[in-house]
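Inside the fold
Spelled out from the first residue to the last, the chains are:
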Amino acid sequence: MRRPWADQDVFVEENGGEDTITVRLPNGSESAVRPTLEHLPEGLLGLARHVGVAADPTITDFSVVRLPKSATTAAVYTRNLCVSPAIVFDRENTNRGLIQLVCVISKNACVFTPTGRQDIERIAGALAQEFDVRTAEILISCTGVIGRPLPVERIVSKIPGIRAGLAEGAMDAVSNAILTTDKRPKCASIRVGDVVVGGYAKGAGMIEPNMATMLVYLYTNATIEKADLDRSLKHAVDRTFNAMSVDTDTSTSDTVALMATGAVIADRAAFDLALTAICLKLSRSVAREAEGATKLVEVSVSLATSPSDAMFFAKKIVNSPLIKTAIHGADPNWGRIVMAIGKPSPGSPLLAIDPADVVIAIQGRTLYDRGKRIDADLSELSQRIKAASEVRIQVTIGSAVHTATAWGCDLSAEYVHENAHYTT
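Now for a quick tour of the structure. (Residues numbered from 1 in each chain as written. Predicted model: local features only at pLDDT ≥ 70, side-chain atom pairs only at ≥ 80, totals over all residues. Heavy atoms only, no water.)

Side note on the overall build of the chain
Looking only at helices and strands, one finds eleven helices and 18 strands in the chain. In terms of overall size, the chain behaves like a compact globule, its C-alpha atoms giving a radius of gyration of 22 Å where 424 residues would be expected to give roughly 22 Å. In terms of principal-axis extent, the alpha carbons of the chain reach across some 70 × 55 × 35 Å. Counting the 424 residues in the chain, one finds 56% classified as buried. Just so you have it, the chain exposes about 17000 Å², and 52% of that area is on carbon and sulfur atoms. Side-chain charges in the chain split into 44 positive and 48 negative, and the spacing between the mean points of these groups amounts to 1 Å. (Helix = DSSP H or I, 4+ residues; strand = E, 2+ residues; numbered from the N terminus. Rg over C-alpha atoms; globule rule 2.2 N^0.38 Å. Buried < 20%, exposed > 50% of the residue type's maximum accessible area, 1.4 Å probe, protein only. Areas by Shrake-Rupley, 256 points an atom, 1.4 Å probe, with all protein chains shown as cover. Lys, Arg positive; Asp, Glu negative; His and termini not counted. Charge placed at Lys NZ, Arg CZ, Asp CG, Glu CD.)

What follows is the structure, given as structure tokens:
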């Protein structure tokens, strides 16, 4: 069933494990997000290669996207204190505001290595020479195992001559080359009149934004000033990627970058809707397809104080290992939700929670209503949870003035297995 998300202009419909995201534009028309890269700015050229970071020569571990000209760029990055030198390099460049080349090295995070910054500088210099761009207009992202030095000599030796491999039809290959433990590429695009917004993401584990191991690259043909682009991206990220959590672990390398080629004059309201819709689609895909996940979990909390307070409690619920495992086992144990909202946490906006103020529902079925347990057929509800690809939890604390929604996933034995053997 289609339902409004956050406001009346963005709609979500879940269909057997796939989201359909639609926006209602200011002129009353509607436009849907496509789960493909069919709507991208003209002139994007890409390539994907194996350069020797991955041991398997059949795996693409290096990709480049060259924009037709220097593009106004906004970006947000991880708040982890142990960041990759690539993040430091990229922050400096995106603060200047113009980017023309995006390079992603996968299977190695370039974090806590003795020559990390020098390695990034060497790769940037080789890219600048090969693709005829300034190093100040390059983004370099690294993702993968922490603590292993980049095989920089091997990488740099493969860069001369690769410019000939740039092609217009290579963006799908690029979206695949950035992956690590992902099940498949995550792509989305939308057209709003003459304006297009599209991009791709990777991320399956080590995800709890303040930003998430998550990389996202977005491209638009809109003409937008740097300050406005920064505001638009931050607003969209706060409502989408920063509303998502897989396992509460914040990556060292998270990046969401948005590049605007400036070919088309954009209606700002329509553009912001389109950008938010793309970020919503990609962030829900990251959670839905996370390591070991079998179900998307969406948590909405309503209370009287503020949207940020509502998000505080929504994140407490979606991050609880007990709730995540209960959902995996199709156990509608609403007592674990009581535990999660009451668990002491630094910065809690409420000093106490009165049972008479609380309403709890799972899959639309109210189980606790302001001091009273509601009789329900829990066996039937368990079967509904087991059959669902998305499980929704709704909580009200006091007056439902402000609502925030967070999403994550269940916790399975596969998640434990994958992360217990990540480097061995």
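Observations regarding helix α8 (residues 321-328)
Looking at α8, one finds that the buried residues are Ile323, Lys324, Ala326 and Ile327. On an axial view of α8, the arc spanned by its buried residues comes to 160°, and they lie on one face. Here the buried face of α8 lies against β13 (296-303), α7 (307-318), α9 (335-342), α10 (378-387), β17 (390-397) and β18 (402-409). (Arc of directions from axis to C-beta. Contact = heavy atoms within 4.5 Å.)

Thoughts on the packing of aromatic side chains
Scanning all chains against the criterion turns up five aromatic pairs. Judged by centre distance (6.2 Å) and plane angle (65°), the ring pair of tryptophan 5 and tryptophan 407 falls under edge-to-face. Comparing tryptophan 5 with tryptophan 407, the two get one shared label, buried. Taking NZ or CZ as reference, arginine 2 lies 4.1 Å from the ring centre of phenylalanine 11, over its face. (Phe/Tyr/Trp six-rings, centres within 6.5 Å; stacked < 30°, edge-to-face > 60°. Lys NZ or Arg CZ within 6 Å of the ring centre and 35° of its normal.)

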